[in-house]
Amino acid sequence: TGLLERGLRERGCVITSPRGAGEASGILCFRRPGLDTEKLFRRLSAARVVASLREGSIRLAPHLYNNEKEVERVLGLL
């Protein structure tokens, strides 16, 4: 999740999930200012990235079985 969060921020994305002390989880919601969230979601879905739309953000839930290569692939699609 840390790798994903850093990569999203480096690409200009805003993390909309709580990330404060004691609030972080394995789920990350984000949006990218200047881009249509639904269009970006459709692009990720077409590339077979499992994600969902939540209150104007894209929700990703990396798990223990996701590896760095898969995270980098998602970040590359952005």
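Throughout, a residue's number is its position along its own chain's written sequence, starting from 1. In view of the model being predicted, local features appear only for residues whose pLDDT reaches at least 70, and side-chain atom pairs are presented and counted only at 80 or more, with totals across whole chains, interfaces and linings using the full set of residues. Water and hydrogen atoms were dropped before computing side-chain values, which therefore reflect all heavy atoms in the structure.

Asker: Teacher, can you tell me more about the pairing of strand β4 (residues 57–60) here?
Answerer: Moving residue by residue along a regular strand, the side chains alternate between the two faces of the sheet. By this definition, two strands are paired if DSSP reports at least two bridges between them. Secondary structure elements follow DSSP: runs of H or I no shorter than four residues count as helices, runs of E no shorter than two count as strands, and numbering proceeds from the N terminus. When strand β2 (residues 28–31) meets β4, the two strands line up antiparallel, connected through three bridges. Counterpart to Phe30 in the pairing with β4 is Ile58. Alignment of strand β3 (residues 52–54) against β4, held across three bridges, turns out to be antiparallel. Bridge assignment links Ser52 to a residue of β4, and that residue is Arg59. Hairpin connection of β3 to β4: two residues between the antiparallel strands, including Glu55 at a positive phi of 50°.

Asker: Got a minute to help me understand the packing of helix α1 (residues 2–10) against helix α3 (residues 68–77) in this structure?
Answerer: Helix-helix packing is characterised by the crossing angle of the two axes and by the distance between the axes. Following both chains from N to C, one finds α1 and α3 inclined at 20°, their axes separated by 10 Å at the closest point. It follows that α1 is roughly parallel to α3 by the angle criterion. Relative to α3, the crossing made by α1 is right-handed. On α3, the residues touching Leu3, Leu4, Gly7 and Leu8 of α1 are Glu68, Val71, Glu72 and Leu75. Looking at the contact of α1 with α3 residue by residue, the classes come out as five nonpolar, one polar and two charged. In this description, a line fitted to the C-alpha atoms serves as the axis of each element, helices being fitted only across the stretch in contact, and the angle between N-to-C directions of two axes falls anywhere from 0 to 180 degrees. For classification purposes, angles smaller than 35 degrees are called roughly parallel, those larger than 145 roughly antiparallel, those between 65 and 115 roughly perpendicular, and all remaining angles oblique. If you view the pair so one helix is near and one far, a crossing is left-handed when the near helix is turned anticlockwise from the far one by less than a right angle, and right-handed when it is turned clockwise. Residues count as neighbours in contact if any of their non-hydrogen atoms are within 4.5 Å of one another. We call Asp, Glu, Lys and Arg charged. Ala, Val, Leu, Ile, Met, Phe, Trp, Tyr, Cys and Pro are nonpolar, and the rest, Gly among them, are polar.

Asker: Explain the nonpolar core to me, please; I cannot follow it from the model alone.
Answerer: It is characteristic of soluble globular proteins that their nonpolar side chains tend to be buried jointly. Among the nonpolar cores identified, the biggest contains 19 residues, and Leu4, Leu8, Phe30, Leu44, Ile58, Leu60 and Leu78 are the most heavily contacted of them. Residue assignment for this core shows that the elements contributing at least two residues are α1, β2, α2 (37–46), β4 and α3. A per-element tally of this core places α3 first, with four residues. With residues up to four places along the chain from it excluded, the contact list for Leu44 reads Phe30, Val49, Ile58, Val74, Leu77 and Leu78. Take the buried residues of types Ala, Val, Leu, Ile, Met, Phe, Trp, Tyr and Cys, join any two whose side-chain atoms come within 4.5 Å, and each joined set is a nonpolar core. Burial classes: relative accessible area under 20% of the type maximum marks a residue as buried, over 50% as exposed, and values in between as partly exposed (1.4 Å probe, protein chains only).

Asker: Sorry if this is basic, but what is going on with the environment of Phe41 here?
Answerer: Mapped onto the fold, Phe41 is located in helix α2. For Phe41, a relative accessible area of 18% puts it in the buried group. Along the chain, Phe41 and Val14 lie 27 residues apart, while their C-alpha atoms are 15 Å from each other.

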